[in-house]
Amino acid sequence: MTPVLLILIPLLTGLVTFFIKEPKAAKNWALLSAVITLAVALTAIFSKEQPGFDATWLPDLGSRFTLLADGMGRMLCLLTAVSFPLIFVAVYKNDYKHTGSFYALMLLSQAGLMGVFLAADALVFYFFWELALIPVYFLCSLWGGEKRIAVTFKFFIYTFIGSLLMLVGILFVYFHTKDHSFALQSFYQVVLSAKQESFIFWLFFIAFAIKMPIFPFHTWQPDTYEQSPTATTMVMSGIMVKMGIFAVIRWLLPIFPHASAECANVIIILSVTGMIYASLIAIRQDDIKRLVAYSSIAHIGLMCAAMFTHNKTGLEGVMIQMFNHGVNVIGLWIVADVIEQKLGTRKFSELGGLAQKAPVLAILLVVMCLANIALPLTNSFVGEFLMFNGLFQYNIWMAVAAGISIILAAVYTLNMIQKILYGNTVAATEQATEISGNVQVVLVILAVLVIVLGVYPQPMIDLTKDTVNAVLMNH
Amino acid sequence: MNAIILSALLGVVMMFSGIVTKNRTAITYIAIAGLIVLLLGNVLNTYGVFVLHIDTHSMLNFEKFGLFFNSIAIAATLIYVVLSGRDIEKVGVNVAEYYALIFFVLCGVSILSSFSGLLMLFLGIEIMSIPLYILTGADKRNLKSNEASLKYFLMGAFSTGIMLMGIALIYGATGSFGLGGTVRITAATGLPMHTSFLEVAGLLLLFVSMCFKVSAAPFHFWTPDVYDGAPSVFTSFMATIVKAAGFIAFVRLFDAHTEVLGPTWKLLLAFVIIATLLIGNVTAVFQQSIKRMLAYSSIAQAGFMLFALYGGNDLAKEGILLYTVAYSLATIGIFAVLIKMKDYTFDGFNGLAQKEPVLAFTSTICLLSLAGIPLTAGFFAKYYMLASVVDAGGSLWLVIVAVFFAAISVYYYFRVIQAMYFKEGEAATNGVISQGFKTGLLIVAGLILLFGVFPSLVLNAFYF
């Protein structure tokens with residue numbers, strides 16, 4: 001029952017939120033809903049058995065409303081459940097026009113995300129995959145920056161093409177299942193010829209690659225992240241990109257074992273190229289949001305490469321890093337949002353000396369940035385170390401090439417810290433004040449998560465152990 | 001049978017109601033009552049209750065598929081009249097005649113859904129088309145409406161000629177007006193197919209004229225002008241119920257005949273499908289008027305409906321029924337809103353969400369359904385079409401091409417959503433929007449969402 005609640009609570013409360021006229025009431029209502037969802041998610045984590053759910057939906061088509069919370073699903077549900085209350089608290093003081101609709105759409109996207117992470121039926125999965133996209137499209141187009149309409153439209157059409165290709169792939173596999181069923185287990189048992197497998201593999205992979213995004217399908221990402229309202233950007237880059245990685249591990253690797261081993265080389269080369277390429281572009285950025293966007297492409301690239309190495313360490317690293325990247329990047333977006341709201345600019349060239357005015361912000365930003373570089377004792381170190389280890393086992397030269405991006409990450413991240421926080425104050429930062437209490441609380445929670453998971457990552461490894469073993473067993 | 005008899009009778013009743021009362025609203029109510037009677041009559045037919053027992057000498061064949069389609073068509077007309085009845089009253093002075101013509105069209109639709117010989121097919125097409133030529137020109141003081149009507153009539157007459165030619169050739173080859181007579185004989189003896197040149201030529205001519213009726217490329221040229229010129233209320237009717245009926249006839253006709261044409265048939269059909277998708281979708285992108293965009297989008301949708309012919313299996317038959325439901329609901333909804341607008345351009349819709357949130361919300365649902373987004377009926381409609389072709393096997397490339405065109409269609413459907421929600425402006429409506437109209441629209445949107453989650457509601461009604 002718990003998995004259904006994780007979807008139903010945000011869905012129903014979200015629909016109610018549309019009708020709340022009073023901004024403050026809408027905010028509190030959404031926050032309450034997010035906190036309840038978090039509580040439910042925590043009980044799911046600590047329950048011993050694998051929670052699942054099964055109900056009749058479309059018997060004629062062979063599709064059932066089946067949910068399954070394996071280790072990876074539970075971890076990502078936890079990430080979703082943790083992120084939303086933090087996001088709501090962090091942007092509590094922001095004013096959005098039509099507040100009710102804003103929070104309603106946010107909650108609907110949360111429902112969609114939960115559904116994606118829990119679905120154990122291909123058609124249900126496809127439904128939620130789209131359901132997560134549509135609210136985000138409206139959020140970006142209604143509350144975004146100047147170029148929002150064109151940019152988010154590009155994003156929508158890009159991902160929609162991907163989804164439709166995936167639908168064709170799903171249909172193809174469905175007609176090759178023995179019992180004509182969309183169930184995950186039936187999909188796992190499908191046997192395709194090598195030629196079919198490698199063709200259908202790409203139909204799925206393009207959909208997931210667009211979502212992650214992997215070079216060369218990434219062009220929608222920086223613009224969309226920049227133009228979206230920051231609360232939505234947090235959802236997109238903190239949680240939504242994990243949909244792509246999750247989907248590869250849940251659907252792609254087990255259904256197409258041969259094709260994914262065969263194409264691994266191509267994909268890893270693409271990912272590593274993307275890592276270096278994105279890092280180089282990040283160095284040249286003058287905008288906090290764009291810098292974080294490109295740095296995010298680099299981090300996702302590493303996760304994608306590590307997934308296709310097909311070894312235990314690599315996959316464990318991906319699992320941990322999915323959670324950690326979500327935590328870190330949300331922290332960075334919060335800082336970007338605070339700076340933009342307070343000072344009216346996101347450009348490094350117009351900032352400087354903020355550490356003198358806002359020391360608390362400075363400390364917390366530095367923690368987040370160090371996590372972004374994957375310094376030891378921060379959470380990312382564990383994940384990236386494992387992933388590099390996996391990549392090293394697969395191919396030394398790939399690991400070396402990917403390693404360059406770590407150095408580049410240090411370059412652009414430290415450069416950002418230096419330009420925003422240190423040096424002399426400039427016109428924009430002259431009047432700056434310390435960040436408000438709610439943001440401090442959120443950033444402190446995130447910073448604690450960064451350190452705790454950096455020192456003691458074992459719980460995350462234990463949580464996702466079953467998924468890792470299940471994936472490797474299929475090979 | 002009931003539907004054919006009742007619709008003809010009701011058409012006459014509507015004509016005379018114009019003499020009895022001059023009250024337009026009353027006439028609309030009579031039409032609504034008539035449609036309900038017609039729907040009941042058709043449903044009773046499914047249970048074996050007949051108004052009159054007539055021996056059709058097996059020229060008509062009342063099977064579930066056709067009867068169920070009748071119910072869909074009549075129900076869609078009912079929804080259409082309930083939503084847009086007020087606007088039908090405003091087209092001109094002869095309100096009763098308009099409704100009479102609509103009933104005559106429904107008579108043609110019921111023949112098309114149950115013909116079992118080429119003669120009946122021809123009669124059905126004619127009975128359906130001739131009232132439409134008149135309805136297109138209903139706004140008789142408007143030059144564009146006259147032009148559209150004349151154009152439609154000339155082109156329609158031409159395609160009818162081609163159809164007759166085809167029927168004549170087939171009759172010459174097989175000596176019968178029956179459907180797929182030659183196929184049956186060959187199946188019984190188990191001998192390899194022997195087809196004459198005449199029969200193939202006749203079938204190709206039939207194919208061309210049916211393509212014309214459902215506005216498949218490259219026989220689509222009349223569609224944008226006629227849809228644009230006709231009074232918007234009647235465009236809505238033509239683009240939904242009439243078009244769907246054309247498809248049902250198309251599927252029924254070629255269901256039995258495809259084997260005669262052999263493998264070339266699939267290639268020919270694939271060419272038509274791709275041409276239709278290409279022309280419909282790409283041209284729709286460049287339109288400035290939403291009415292014209294919807295005309296091209298209806299061509300694009302026809303491309304998807306042709307998949308039912310291509311797949312040619314049970315999934316396709318179920319799918320085409322679901323498609324007609326989804327497409328008709330969404331198109332009737334979006335046209336009902338369009339008719340209320342002063343300005344038909346995209347800019348005319350700017351800021352509608354601020355002014356009329358209900359109208360904006362319901363048209364968004366309709367547009368999402370046309371685009372085939374999950375949770376709307378349009379998704380499962382497209383799903384069935386794609387699935388039938390994937391199931392038939394060997395044509396995955398066609399499905400992938402179609403999918404790219406579906407993504408293009410998102411572009412122009414979402415432009416309307418962008419205008420309504422994301423752009424500032426003063427969307428002007430004709431007069432005040434009544435509460436009843438809004439409720440009607442919300443019910444349509446609700447149905448679209450309901451069928452989007454449980455498409456089996458439609459299909460179970462088919463099998464029950």
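The shown structure was predicted, so the numbers you read here are calculated from the model rather than taken from an experiment.

### A closer look at the overall build of chain A
No. 1: Secondary structure summary: chain A contains 21 helices and two strands in total.
No. 2: Its C-alpha radius of gyration of 21 Å places chain A within 12% of the 23 Å reference for a compact globule of 475 residues.
No. 3: If you line up chain A on its principal axes, its C-alpha atoms span 70 × 55 × 45 Å.
No. 4: Within chain A, buried positions represent 60% of all 475 residues.
No. 5: Counting contacts in chain A only where the partners sit at least 6 residues apart, residues at least 24 apart contribute 82% of the total.

### A few points about the overall build of chain B
No. 1: Secondary structure assignment for chain B yields 21 helices and zero strands.
No. 2: Computed over C-alpha atoms, the radius of gyration of chain B comes to 21 Å, within 12% of the 23 Å expected from 2.2 N^0.38 for 464 residues, which places it in the range of a compact globule.
No. 3: The burial tally for chain B puts 59% of its 464 residues in the buried class.
No. 4: In chain B, of all internal contacts separated by at least 6 residues, the share reaching a separation of at least 24 is 82%.

### Some points on the packing of helix 14 (residues 312–343) of chain A against helix 19 (residues 437–455) of chain A
All names here are of chain A.
No. 1: With their axes 10 Å apart at the nearest point, helix 14 and helix 19 run at an angle of 150° to one another. As summarised for this structure, helix 14 and helix 19 are arranged roughly antiparallel, according to the angle between their axes. As for the relative orientation of helix 14 and helix 19, their crossing is left-handed in sense. For the pair formed by helix 14 and helix 19, the contact residues are N324, V327, N328, I330, G331, I334 and V338 on the first element and V439, V442, L443, L446, L449, V450 and L453 on the second.

### Observations concerning the interface of chain A and chain B
A common way to state how big an interface is: give the accessible area lost once the parts meet.
No. 1: Each partner contributes to the interface: chain A provides 20 residues, whereas chain B provides 22 residues.
No. 2: When contributions to the side of chain A that touches chain B are tallied by element, the ones reaching two or more residues are helix 5 (122–143) and helix 6 (148–176) of chain A.
No. 3: Top element by residues in the side of chain A that touches chain B is helix 6 of chain A. It accounts for eleven residues.
No. 4: By residue class, the composition of the side of chain A that touches chain B is 17 nonpolar, one polar and two charged.

### Here's the deal with the nonpolar core
No. 1: Counting 370 residues, the largest nonpolar core has C77(A), L252(A) and L306(B) as the members making the most contacts within it.
No. 2: Setting aside anything within four residues of it in sequence, one finds L306(B) in contact with A216(B), L269(B), V272(B), I273(B) and T276(B).

### What about helix 12 (residues 264–285) of chain B?
No. 1: An ideal rise of 1.5 Å per residue puts 32 Å on 22 residues; helix 12 of chain B measures up with 32 Å between its terminal C-alpha atoms.
No. 2: For helix 12 of chain B, every residue scored as buried is listed here: W265(B), L269(B), V272(B), I273(B), T276(B), L277(B), I279(B), G280(B), N281(B), T283(B) and A284(B).

### Some points on helix 1 (residues 2–20) of chain B
No. 1: Compared with the 27 Å implied by 1.5 Å per residue over 19 residues, the 26 Å span of helix 1 of chain B between its first and last C-alpha is a close match.
No. 2: Lining the buried residues of helix 1 of chain B we find helix 2 (24–46), helix 3 (64–91) and helix 4 (95–112) of chain B.

### So, the packing of helix 4 (residues 99–118) of chain A against helix 5 of chain A
All names here are of chain A.
No. 1: Interhelical geometry of helix 4 versus helix 5 gives an angle of 155° and a closest axis separation of 8 Å. If you check the angle between helix 4 and helix 5, you find them roughly antiparallel. As for how helix 4 packs across helix 5, the hand of that crossing is left-handed. Across the interface between the two elements, F102, L105, M106, L108, S109, G112, L113, G115 and V116 of helix 4 pack against F125, F128, W129, L131, A132, P135, V136, F138, L139 and W143 of helix 5.
No. 2: For the contact of helix 4 with helix 5, the class distribution of residues is 16 nonpolar, three polar and no charged.

### A look at the pairing of strand 1 (residues 52–58) of chain A
Residues and elements named next belong to chain A.
No. 1: Note that strand 1 and strand 2 (residues 63–68) share six bridges and pair antiparallel. Note that in strand 2 the partner of A55 across the bridge is F65.
No. 2: Hairpin connection of strand 1 to strand 2: four residues between the antiparallel strands, including G62 at a positive phi of 80°.

### Quick word on unusual backbone geometry
No. 1: Note that the residue after M212(A), namely P213(A), is joined by a cis bond; omega there is -10°.
No. 2: Mapped onto the secondary structure, P213(A) falls in the loop between helix 8 (194–211) and helix 9 (220–227).
No. 3: In this structure, the amide linkage connecting A217(B) to the following residue, P218(B), adopts the cis form with an omega of 0°.
No. 4: One can find P218(B) in the loop between helix 8 (197–213) and helix 9 (222–229).
No. 5: We note that H310(A) has phi near 60°; this positive angle belongs to a residue other than glycine.
No. 6: Relative to the helices and strands, H310(A) resides in the loop between helix 13 (288–307) and helix 14.
No. 7: For L377(A), which is not glycine, the phi torsion reads 85° and is therefore positive.
No. 8: Tracing the backbone shows L377(A) in the loop between helix 16 (359–373) and helix 17 (379–394).

### With respect to the environment of T233(A)
Residues and elements named next belong to chain A.
No. 1: Structurally, T233 is set in helix 10 (residues 230–255).
No. 2: Overall, the presence of 29 C-beta atoms within 10 Å leaves T233 in the buried class.
No. 3: For the pair T233 and A293, spaced 60 residues apart in the sequence, the C-alpha separation amounts to 9.4 Å.
No. 4: When sequence neighbours within four positions are dropped, the list of residues in contact with T233 reads Y225, S228 and W333.

### A short note on the environment of Q110(A)
Residue and element names in this part refer to chain A.
No. 1: Here Q110 is to be found in helix 4.
No. 2: On a C-alpha basis, the gap between Q110 and L6 in space is 9.1 Å, while along the polypeptide they are 104 residues apart.
No. 3: When residues no more than four places from it in sequence are discounted, the contact partners of Q110 are P10, T80 and F84.

### Remarks on the confidence of the model for chain B
Residues and elements named next belong to chain B.
No. 1: For chain B, the mean per-residue pLDDT works out to 87, and 94% of the residues sit at or above 70.
No. 2: Confidence scores differ between elements of chain B, with helix 7 (residues 181–189) showing the lowest mean pLDDT of 46 and helix 4 the highest of 93.
No. 3: Below a pLDDT of 50 lies the segment residues 182–192, which in the model reaches nine contacts outside its immediate sequence neighbourhood of four places, other chains included.
No. 4: Scored by ipTM, the complex comes to 0.89, with pTM at 0.91.

### Regarding the environment of I373(A)
Residues and elements named next belong to chain A.
No. 1: Position of I373 among the secondary structure elements: in helix 16.
No. 2: Judged by the 19 C-beta atoms lying within 10 Å of it, I373 is partly exposed.
No. 3: Taking the C-alpha atoms as reference points, I373 and G326, separated by 47 residues in sequence, lie 14 Å from one another.
No. 4: With near-sequence residues (within four places) excluded, I373 lies in contact with A409, A410 and T413.

The rules we used
Residues numbered from 1 in each chain as written. Chains lettered and ligands numbered in written order. Predicted model: local features only at pLDDT ≥ 70, side-chain atom pairs only at ≥ 80, totals over all residues. Helix = DSSP H or I, 4+ residues; strand = E, 2+ residues; numbered from the N terminus. Rg over C-alpha atoms; globule rule 2.2 N^0.38 Å. Buried ≥ 20, exposed ≤ 12 C-beta atoms within 10 Å, placed from the backbone. Contact = placed C-beta atoms within 7 Å. Axes fitted to C-alpha atoms, helices over the stretch in contact; angles between N-to-C directions. Parallel < 35°, antiparallel > 145°, perpendicular 65-115°, else oblique. Left-handed = near helix turned anticlockwise from the far one by under 90°. Nonpolar A, V, L, I, M, F, W, Y, C, P; charged D, E, K, R; others polar. Core = buried A, V, L, I, M, F, W, Y, C linked by C-beta atoms within 7 Å. Expected span 1.5 Å × (residues − 1). Pairing = 2+ DSSP bridges. pLDDT = per-residue confidence, 0-100.

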